[in-house]
Amino acid sequence: MGLSAREKRTLDGIADRLHGEDPLLAESLSSFATGVVTAELLPPRRRASALVLLPVALLAAIMAIMAVVLPPISGTEAGPVPVSQVLPRG
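Here the structure is a predicted model, which means the values were calculated and not measured.

(A) Up close: the overall build of the protein chain. Check the secondary structure of the protein chain and you find four helices and zero strands. Reading the protein chain from its N terminus to its C terminus gives the helix and strand order α-α-α-α. When the 90 residues of the protein chain are sorted by exposure, 1% land in the buried category. For the protein chain, the exposed surface amounts to about 9000 Å²; the carbon and sulfur share of it is 67%.

(B) Broad picture of the packing of helix α1 (residues 5-21) against helix α2 (residues 23-30). The contact between α1 and α2 brings their axes to 5 Å, and the two run at 130 degrees. Put simply, α1 runs oblique to α2. Together, L18, H19 and E21 of α1 and P23, L25, A26 and L29 of α2 make up the contact between the two elements.

(C) Layout of a nonpolar patch on the surface. A grouping of L3, L11 and I14 is seen on the molecular surface, where their side chains present a nonpolar patch of about 260 Å² in accessible area. When you line up the elements, L11 lands in helix α1. Given the relative accessible area of 47%, L11 is considered partly exposed.

The rules behind the values
- Residues numbered from 1 in each chain as written.
- Predicted model: local features only at pLDDT ≥ 70, side-chain atom pairs only at ≥ 80, totals over all residues.
- Heavy atoms only, no water.
- Helix = DSSP H or I, 4+ residues; strand = E, 2+ residues; numbered from the N terminus.
- Buried < 20%, exposed > 50% of the residue type's maximum accessible area, 1.4 Å probe, protein only.
- Areas by Shrake-Rupley, 256 points an atom, 1.4 Å probe, with all protein chains shown as cover.
- Axes fitted to C-alpha atoms, helices over the stretch in contact; angles between N-to-C directions.
- Parallel < 35°, antiparallel > 145°, perpendicular 65-115°, else oblique.
- Contact = heavy atoms within 4.5 Å.
- Patch = residues over 30% accessible without salt bridge, like charges linked within 9 Å, V, L, I, M, F, W, Y side chains within 5 Å.
- Salt bridge = Lys/Arg side-chain N within 4 Å of Asp/Glu carboxyl O.

Here is the structure:
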């Protein structure tokens, strides 16, 4: 997909200003604009999401099991502790 006429004019204006302000930088940057421009395909990201999703799912399952199993083991009921049991009287 090529650039529109407006985009080409804008880039030409930027190049002209760069040549006027810093000719050495413009000359060194112009060497990068030679040759054929090719596109490189990026690998799909599905592998990374699967590698991240598996540990997160395992951690969530372990936490759910702990939330169900631990309160009966410790002998406490789920829910808030009454204030009278927390603060000493007197």
